[in-house]
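# Tertiary structure, described
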Amino acid sequence: MIIDSRNTYLTTLHALTTAVQAHHPDSETASFLAEQLRVLEESKGTAFPAKWQYLINQLPVVKASESFAWTAEERDLWAKIKEMNQLGNWGWTPNV
């Protein structure tokens, strides 16, 4: 699998964040996603993979504490993000 650019990761996360905020605006999940998007947008170099891995690990925990179900769009975006899970294991440093 070819490693995607940093922008692809951020674009996908932005799409998920926007979708969750639109459908579940007062949820902890929406707040968590918005905060993690901000953190990742500010992350540079090797900090990016570690912070991405934190998102992958923590989002299911935050989401599990709430009673709403993903929409089809949210489910597809989350699946795409989970496919990027190997990022932290590749020693990848994004071009910044």
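One structure accompanies this document, and this report is about it.

## Quick look at the packing of aromatic side chains
- Under the counting rule described, the total for this entry stands at five aromatic pairs.
- On the basis of an interplanar angle of 80° and a centroid distance of 6.3 Å, the ring pair of Tyr9 and Phe48 is categorised as edge-to-face. Note that Tyr9 is positioned in helix H1 (residues 6-23) and Phe48 in helix H3 (residues 47-64), a separation of 39 residues in sequence.
- Judged by its relative accessible area of 1%, Tyr9 is buried.
- Judged by its relative accessible area of 0%, Phe48 is buried.

## Observations regarding the packing of H1 against helix H2 (residues 28-42)
- For the pair H1 and H2, the least separation of the axes is 9 Å and the interaxial angle reads 160°. With respect to H2, the element H1 is oriented roughly antiparallel. With respect to the hand of their crossing, H1 and H2 are arranged in left-handed fashion. Contacts between H1 and H2 involve Arg6, Leu10, Leu13, His14, Leu16, Thr17, Val20 and Gln21 on the former and, on the latter, Thr29, Ala30, Leu33, Ala34, Gln36, Leu37, Leu40, Glu41 and Glu42.
- Looking at the contact of H1 with H2, its residues break down into nine nonpolar, five polar and three charged.

## Brief notes about H1
- Relative to the 26 Å expected for 18 residues at 1.5 Å per residue, H1 spans 26 Å between its end C-alpha atoms, a close match to the ideal helical length.
- Residues of H1 that are buried make contact with H2, H3 and helix H4 (72-83).

## Some remarks on the side chain of Ser43
- Examined against the element boundaries, Ser43 turns out to sit in the loop between H2 and H3.
- Side-chain polar atoms of Ser43 contact the backbone oxygen of Val39, separated by 2.8 Å.
- When sequence neighbours within four positions are dropped, the list of residues in contact with Ser43 reads Arg6, Phe48 and Lys51.

## A word on the pattern of salt bridges
- Counted by the stated rule, this structure contains two salt bridges.
- Across the pair Arg38 and Glu35 runs a salt bridge, and its minimum N-O distance is 2.6 Å. Of this pair, Arg38 and Glu35 both sit in helix H2, three residues apart, which is roughly one turn of that helix.
- Overall, the relative accessible area of 35% leaves Glu35 in the partly exposed class.
- As a salt-bridge pair, Arg38 and Glu42 come within 3.0 Å of each other at their nearest N and O atoms. Pair noted here: Arg38 and Glu42 are both in helix H2, with a separation of four residues, about one helical turn.
- Judged by relative accessible area, which is 37%, Arg38 ranks as partly exposed.
- Each of the salt bridges in this network shares a partner with another, and the network as a whole consists of Glu35, Arg38 and Glu42.

Analysis parameters
- Residues numbered from 1 in each chain as written.
- Predicted model: local features only at pLDDT ≥ 70, side-chain atom pairs only at ≥ 80, totals over all residues.
- Heavy atoms only, no water.
- Phe/Tyr/Trp six-rings, centres within 6.5 Å; stacked < 30°, edge-to-face > 60°.
- Helix = DSSP H or I, 4+ residues; strand = E, 2+ residues; numbered from the N terminus.
- Buried < 20%, exposed > 50% of the residue type's maximum accessible area, 1.4 Å probe, protein only.
- Axes fitted to C-alpha atoms, helices over the stretch in contact; angles between N-to-C directions.
- Parallel < 35°, antiparallel > 145°, perpendicular 65-115°, else oblique.
- Left-handed = near helix turned anticlockwise from the far one by under 90°.
- Contact = heavy atoms within 4.5 Å.
- Nonpolar A, V, L, I, M, F, W, Y, C, P; charged D, E, K, R; others polar.
- Expected span 1.5 Å × (residues − 1).
- Polar contact = N/O pair within 3.5 Å; in protein donor to acceptor, adjacent residues only side chain to side chain.
- Salt bridge = Lys/Arg side-chain N within 4 Å of Asp/Glu carboxyl O.

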